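# Summary of structural features
What follows is each chain in one-letter form.
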Amino acid sequence: MLWGLVVVGVIGILLGFRFRVAALIVVTAATVVGGVAAGGIGSVFDWHHLISILLLVVVLQGAYLLGLFLGVIWRQGMSREQ
């Protein structure tokens, strides 16, 4: 689970740095579908499984916001140098 959070966090930062919200919606949907597929169809309504999927989505969204912030800082620094 920890590596999943790290991977989703890195993907979120890269999405925020480069892409806009349409890509975030697609990756969020893929995260939910992947989480359901990884747990099996029978465990879709298991609370622990639902909480872990929710945690992955929250980490993805937070990392996306961090990536947006880093992208803004990067672009402002590049425009000052020119």
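Residues numbered from 1 in each chain as written. Predicted model: local features only at pLDDT ≥ 70, side-chain atom pairs only at ≥ 80, totals over all residues. Heavy atoms only, no water.

## Looking at the packing of helix H2 (residues 21-39) against helix H3 (residues 47-81)
Two numbers describe how H2 lies on H3: the axes approach to 10 Å, and their chain directions differ by 155 degrees. Relative to H3, H2 is oriented roughly antiparallel. With respect to the hand of their crossing, H2 and H3 are arranged in right-handed fashion. Note on element contacts: H3 touches H2 through His 49, Ile 53, Leu 56, Val 57, Leu 60, Gln 61 and Tyr 64, opposite Val 21, Leu 24, Val 27, Thr 28, Thr 31, Val 32, Gly 35, Val 36 and Gly 39. In terms of residue class, the contact of H2 with H3 is built from 10 nonpolar, 6 polar and no charged. (Axes fitted to C-alpha atoms, helices over the stretch in contact; angles between N-to-C directions. Helix = DSSP H or I, 4+ residues; strand = E, 2+ residues; numbered from the N terminus. Parallel < 35°, antiparallel > 145°, perpendicular 65-115°, else oblique. Left-handed = near helix turned anticlockwise from the far one by under 90°. Contact = heavy atoms within 4.5 Å. Nonpolar A, V, L, I, M, F, W, Y, C, P; charged D, E, K, R; others polar.)

## Considering the environment of Phe 19
If you trace the backbone, Phe 19 turns up in the loop between helix H1 (2-18) and H2. In this structure the C-alpha to C-alpha distance between Phe 19 and Gly 71, which are 52 residues apart in sequence, comes to 9.9 Å. Apart from the residues lying within four places of it in its own chain, the contact partners of Phe 19 are Leu 14 and Tyr 64.

## As for a nonpolar patch on the surface
A cluster of nonpolar side chains, contributed by Phe 17, Leu 66, Phe 69, Leu 70, Ile 73, Trp 74 and Met 78, occupies part of the molecular surface with about 670 Å² of accessible area. Looking at the nonpolar patch, the element that brings in the most residues is H3, giving 6 residues. One can find Leu 66 in helix H3. (Patch = residues over 30% accessible without salt bridge, like charges linked within 9 Å, V, L, I, M, F, W, Y side chains within 5 Å. Areas by Shrake-Rupley, 256 points an atom, 1.4 Å probe, with all protein chains shown as cover. Salt bridge = Lys/Arg side-chain N within 4 Å of Asp/Glu carboxyl O.)

## Considering the packing of aromatic side chains
Going through the model one piece at a time under the given rule, you end up with 1 aromatic pair. Look at Phe 17 and Trp 74: their rings are 6.2 Å apart centre to centre, the planes differ by 70 degrees, and that puts the pair in the edge-to-face class. Of this pair, Phe 17 sits in helix H1 while Trp 74 sits in helix H3, and the two are 57 residues apart along the sequence. Positioned above the aromatic ring of Phe 19, the side-chain terminus of Arg 18 is 5.8 Å from the ring centre. (Phe/Tyr/Trp six-rings, centres within 6.5 Å; stacked < 30°, edge-to-face > 60°. Lys NZ or Arg CZ within 6 Å of the ring centre and 35° of its normal.)

## Quick look at the nonpolar core
The biggest cluster of nonpolar side chains holds 7 residues, and these are Leu 5, Val 8, Leu 15, Leu 24, Leu 56, Leu 60 and Tyr 64. Listed by contribution, the elements that provide at least two residues to this core are H1 and H3. Non-local contacts of Leu 60, meaning those with residues more than four positions away in its chain, are made with Val 8, Ile 11, Gly 12, Leu 24, Val 27, Thr 28 and Thr 31. (Core = buried A, V, L, I, M, F, W, Y, C linked by side-chain atoms within 4.5 Å. Buried < 20%, exposed > 50% of the residue type's maximum accessible area, 1.4 Å probe, protein only.)

The quantities given are spatial measurements derived from coordinates; they are silent on function.
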